[in-house]
Amino acid sequence: MSSNNVARVLVVGGGYVGMYTALRLQRKLKQELRQGTVEVIVVDPEPYMTYQPFLPEAAAGSISPRHVVVPLRRVLPQCKVVVGEVTAIDHDERRATITTLAAEETGDGAIEVAYDELVLAPGSVSRTLPVPGLADVGIGFKTVEEAIGLRNHVLEQLDIASSTRDPAVRDAALTFVFVGGGYAGVEALAELEDMARYAVRYYHNVKPEDMKWILVEATDRILPEVGPDMGRYAVRELRGRNIDVRLETRLESCEKRVAVLSDGSRFPTRTLVWTAGVKPHPILAASGLPLTGHGRLKCTAALQVDGVEHAWSAGDAAAVPDVTAEPPAKPDEPPALCAPNAQHAVRQSKVLAENIAAAVRGGPIVDYAHKYAGSVASLGLHKGVAHIYGRKLRGYPAWFMHRAYHLGRVPTFNRKARVLAEWTLAGMFKREIVSLGSLENPRAEFELAAGTGRHNEAS
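Owing to the predicted nature of the structure, the values given are computational and were not obtained by experimental measurement.

(A) Region of interest: the pattern of salt bridges. One pass over the structure, following the stated rule, counts 19 salt bridges. Residue R8 is joined to E39 by a salt bridge in which the shortest nitrogen-to-oxygen separation is 2.6 Å. In this pair, R8 is assigned in strand β1 (residues 7-12) and E39 in strand β2 (residues 38-44), connecting sequence segments 31 residues apart. The pair R8 / E39 is uniform in exposure class, with both members buried. As a salt-bridge pair, R250 and E252 come within 3.7 Å of each other at their nearest N and O atoms. Given a relative accessible area of 48%, R250 falls into the partly exposed group. Each member of the salt-bridge network shares a partner with another, and the members are E193, D194, R197, R241 and K383.

(B) Representation of the packing of helix α13 (residues 396-409) against helix α14 (residues 413-428). Where α13 contacts α14, the two axes come as close as 9 Å, and the packing angle between them is 150°. Comparing their axes, α14 and α13 come out roughly antiparallel. As for the relative orientation of α13 and α14, their crossing is right-handed in sense. Seen from α13, the contacting residues are R403, L407, G408 and R409; seen from α14, they are K416, V419, L420 and W423.

(C) Up close: the side chain of S162. Looking at where S162 falls in the secondary structure, it is placed in helix α7 (residues 144-162). Under the relative-accessibility criterion, S162 is labelled buried at 17%. When near neighbours in sequence (up to four residues on either side) are disregarded, S162 contacts Y203, H204, N205 and V206.

(D) Representation of the sheet that holds strand β15 (residues 258-261) in the model. With respect to topology, 3 strands assemble into an open sheet ordered β14-β15-β16, the strand pairing being antiparallel. Among the strands making up the open sheet, the edge pair consists of β14 (251-253) and β16 (266-268). In this sheet, neighbouring strand axes are inclined to one another by 35° on average, regardless of whether the strands run parallel or antiparallel. As defined by bridge partners, β14 adjoins β15 across 2 bridges and the pair is classed as antiparallel. Within the sheet, the bridge partner assigned to S253 lies in β15 and is V260.

(E) View of the pairing of strand β17 (residues 271-274). Burial of β17 is two-sided: the residues T271 and V273 facing one way and the residues L272 and W274 facing the other way are all buried. With 2 bridges connecting them, strand β10 (residues 138-139) and β17 associate as parallel partners. Of the residues in β17, the one forming a bridge with I139 is V273. As paired elements, strand β11 (residues 175-179) and β17 share 4 bridges and run parallel to each other. Opposite F178, over in β17, you have V273 as the bridge partner.

(F) Structural context of the sheet that holds strand β7 (residues 111-114). Taken in spatial order, the 7 strands of this open sheet run β7-β6-β5-β2-β1-β8-β20, and their pairing is mixed. Both edges of this open sheet fall to β7 and β20 (311-313), since each of them pairs with a single strand only. Strand-to-strand twist across the sheet, computed as the mean angle between neighbouring axes with direction ignored, equals 40°. Of the pairings in the sheet, the one linking β1 to β2 comprises 6 bridges and is parallel in character. Within β2, the residue paired with R8 across the bridge is E39.

Reading the values: rules and limits
- By convention here, each chain's residues receive numbers from 1 onward along its written sequence.
- In view of the model being predicted, local features appear only for residues whose pLDDT reaches at least 70, and side-chain atom pairs are presented and counted only at 80 or more, with totals across whole chains, interfaces and linings using the full set of residues.
- The basis for the side-chain values is all heavy atoms of the structure; hydrogens and waters are excluded.
- The salt bridge definition used is simple: a Lys or Arg side-chain nitrogen within 4 Å of an Asp or Glu carboxyl oxygen.
- In this description a helix means any DSSP run of H or I spanning at least four residues, a strand means any run of E spanning at least two, and both kinds are numbered starting from the N terminus.
- Burial classes follow relative accessibility: with a 1.4 Å probe on protein chains only, a residue under 20% of its type's maximum area counts as buried, one over 50% as exposed, and anything between as partly exposed.
- Between N-to-C directions, angles cover 0 to 180 degrees, with each direction set by a line fitted to C-alpha atoms, over the stretch in contact for helices.
- For classification, angles of less than 35 degrees are called roughly parallel, those exceeding 145 degrees roughly antiparallel, those between 65 and 115 degrees roughly perpendicular, and all remaining angles oblique.
- Less than a right angle of anticlockwise turn of the near helix away from the far helix marks a crossing as left-handed, whereas a clockwise turn marks it as right-handed.
- By definition, residues are in contact when any of their heavy atoms lie within 4.5 Å.
- Only when DSSP finds a minimum of two bridges between them are two strands counted as paired.

Right under this line is the structure:
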């Protein structure tokens with residue numbers, strides 16, 4: 001016991017695995033939590049969980065940003081939620097070092113938390129490459145802030161193009177480059193292109209054909225999760241919408257607002273969205289726990305860190321053997337691993353919570369086993385692709401399946417009802433095409449007034 005005979009479970013990360021594990025522990029250990037013999041602490045830099053599959057629709061304005069996130073304190077009332085970041089872990093001593101907002105303000109330094117059971121679920125971070133200019137102009141697409149910022153940015157580019165007579169400025173404003181052909185890149189591009197094509201009907205001097213939308217993918221296909229046939233269909237669908245899909249192509253540089261591709265093409269652009277993969281969170285390397293060659297935690301099928309007691313993981317951070325996969329063809333080949341996606345993360349969290357509850361109470365633990373059901377992807381309003389249980393869907397049926405699946409998976413009845421209501425209203429009314437760029441710098445107006453002594457419009 002960490003202190004005063006209280007078994008403390010420390011959950012690092014409030015994403016899919018972290019939130020769902022803590023939510024399940026609330027139910028499994030309800031009596032212990034009420035009696036104070038068990039304590040569950042959830043640590044995350046943000047006080048909410050982001051449902052990332054809805055980020056493209058939030059960027060397109062189909063869903064309100066506040067309905068894409070789930071407040072941790074509301075759904076985890078029996079847990080202690082700490083807004084901060086775990087910077088170091090000493091598992092031999094079972095202690096974690098946490099930097100909180102208060103520690104940064106007061107300068108008191110980080111706090112140390114003792115634990116009995118550790119759940120490492122920090123998720124992943126964007127994987128960047130040393131591309132010249134990328135760090136200066138690139139836009140990510142992993143957080144709700146980035147999604148809304150990108151929406152405002154795209155609409156702002158339409159305003160710039162509409163208000164200039166300089167053809168170079170106009171061309172750069174209307175050129176949108178997305179790097180990465182996975183879920184995030186394809187869905188973000190498709191939804192935003194849909195939105196922008198609708199928005200330009202309200203601009204007297206901008207037409208849909210004036211815009212250039214470019215998808216850059218280093219491999220020979222996009223959306224590998226939905227299979228090669230649906231991937232090829234997605235390419236045809238995007239190209240049919242005049243989207244330039246460039247396969248087996250890399251971004252060489254993006255200095256001075258010019259995207260240079262490996263095929264020699266050059267595109268002056270004010271918008272470069274980087275979605276070319278993710279990498280494990282840095283805290284995994286700092287934990288001292290066993291890692292794979294790709295930087296993920298080596299785990300057993302029971303979601304325990306391999307060879308380490310009282311340490312658990314799942315989701316993006318964990319390399320979990322897929323017990324439902326066919327055995328390797330050769331004895332020296334490594335066993336198949338569960339894909340690091342939301343489908344496995346949500347299901348793994350259920351087994352993870354059951355096993356931690358069993359460890360706290362002294363019961364048996366079980367292995368995680370789930371046969372991959374398939375994937376769905378949206379290609380904009382009423383368009384999509386899906387490969388579910390061997391069945392291939394495209395167009396409207398796939399889009400409907402995409403919405404139905406994720407509506408069922410988004411946490412809490414509150415969020416399900418709000419998202420469904422927004423979709424219903426969106427079908428009855430026109431799209432919103434307002435850019436609220438000031439949200440990114442809300443004090444700009446006040447700072448201007450304070451610095452000049454008068455409102456900027458009074459000059």
